[in-house]
Amino acid sequence: FPVTIWGGVYVSAAIKNNFTLWGWGLNYYNWQLAQPFSNSDILVPTQIGTDMDWKSISFGAFSTIALKNNNSLWSWGQSNFGELGNGILISQIFFPTQIGSSTDWKEISTGFNFTMAIKNNGTLWSWGLGYSSIPLQNGTSSDWSKISSYGNFNLAIKSNGIVTGK
């Protein structure tokens, strides 16, 4: 049984109670489900990789960003605007690949072609369309507590309850 389940525009995923990651949906050209040897829809939950330490996942239009239990950040899929966070504007990653070496990520949320993230120290980071092809800190505040992104819009909440959006 899944511990947590997520839905994206084209795909869905679940993390089982053994911390394995499973996905299903459209996989035919953007590899959001990390199944590069299949160019057809994946109609049943299929394991993504063999790792057993996944914490959360978020889907962009063509990319996937995920956190592991050690708070490391991972991405795969297709990038047209740097949304994979690997420093390359246009690229494809077929399997989960770590973004940098930091292990202090707390929360992630993807929009259509960008990602927002909060680190354990409360700083806010972003990458993809309109930002950068690598995670860059937004401002100097270290009191961000929650983020939510969808489509071309994002919201962030500070620990004092102030909400900001773009």
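Look up a bit, the structure's there.
Computed from a predicted model, the values in this text were never measured in an experiment.

Caption draft 1: Examining the sheet that holds strand 13 (residues 144-150) more closely. Read from one edge to the other, the open sheet built from 3 strands follows the order 13-14-15, with strand pairing classed as antiparallel. Two strands lie at the open edges of the sheet, namely strand 13 and strand 15 (163-165), each paired on one side alone. Adjacent strand axes in the sheet meet at a mean angle of 15 degrees when their direction is disregarded. Sheet topology note: the strand 14 (residues 153-158)/strand 15 ladder contains 3 bridges and is antiparallel. Bridge pairing links I157 to V163 in strand 15.

Caption draft 2: Broad picture of the pairing of strand 7 (residues 73-79). Of all 7 residues making up strand 7, 7 are buried, and the element is well covered by its neighbours. Pairing between strand 6 (residues 63-68) and strand 7: 5 bridges, direction antiparallel. In the strand pairing of strand 7, S63 is matched with G77. Linking two consecutive strands that pair antiparallel, namely strand 6 and strand 7, is a turn of 4 residues; a positive phi of about 65 degrees is found at N71 within it. Of the pairings in the sheet, the one linking strand 7 to strand 8 (residues 91-98) comprises 5 bridges and is antiparallel in character. Across the sheet, residue S79 finds its bridge partner in strand 8, namely S91.

Caption draft 3: Seen up close, the packing of aromatic side chains. Applying the stated criterion across every chain, the model contains 7 aromatic pairs. Ring geometry for W105 versus W127: centroids 6.1 Å apart, planes at 65 degrees, classification edge-to-face. Taken together, the residues span a long stretch of sequence, with W105 in strand 9 (residues 105-110) and W127 in strand 11 (residues 124-128) at a distance of 22 residues. Classification of W105 by relative accessible area gives buried; the value is 3%.

Caption draft 4: Highlighting the sheet that holds strand 8. Spatially, 5-6-7-8 is the arrangement adopted by the 4 strands of the open sheet, whose pairing is antiparallel. At either end of the open sheet lies a strand with only one pairing partner, and these are strand 5 (54-59) and strand 8. Looking at each pair of strands side by side, their axes are set apart by 15 degrees on average, direction ignored.

Definitions and limits used
Residues numbered from 1 in each chain as written. Predicted model: local features only at pLDDT ≥ 70, side-chain atom pairs only at ≥ 80, totals over all residues. Heavy atoms only, no water. Pairing = 2+ DSSP bridges. Helix = DSSP H or I, 4+ residues; strand = E, 2+ residues; numbered from the N terminus. Axes fitted to C-alpha atoms, helices over the stretch in contact; angles between N-to-C directions. Buried < 20%, exposed > 50% of the residue type's maximum accessible area, 1.4 Å probe, protein only. Phe/Tyr/Trp six-rings, centres within 6.5 Å; stacked < 30°, edge-to-face > 60°.

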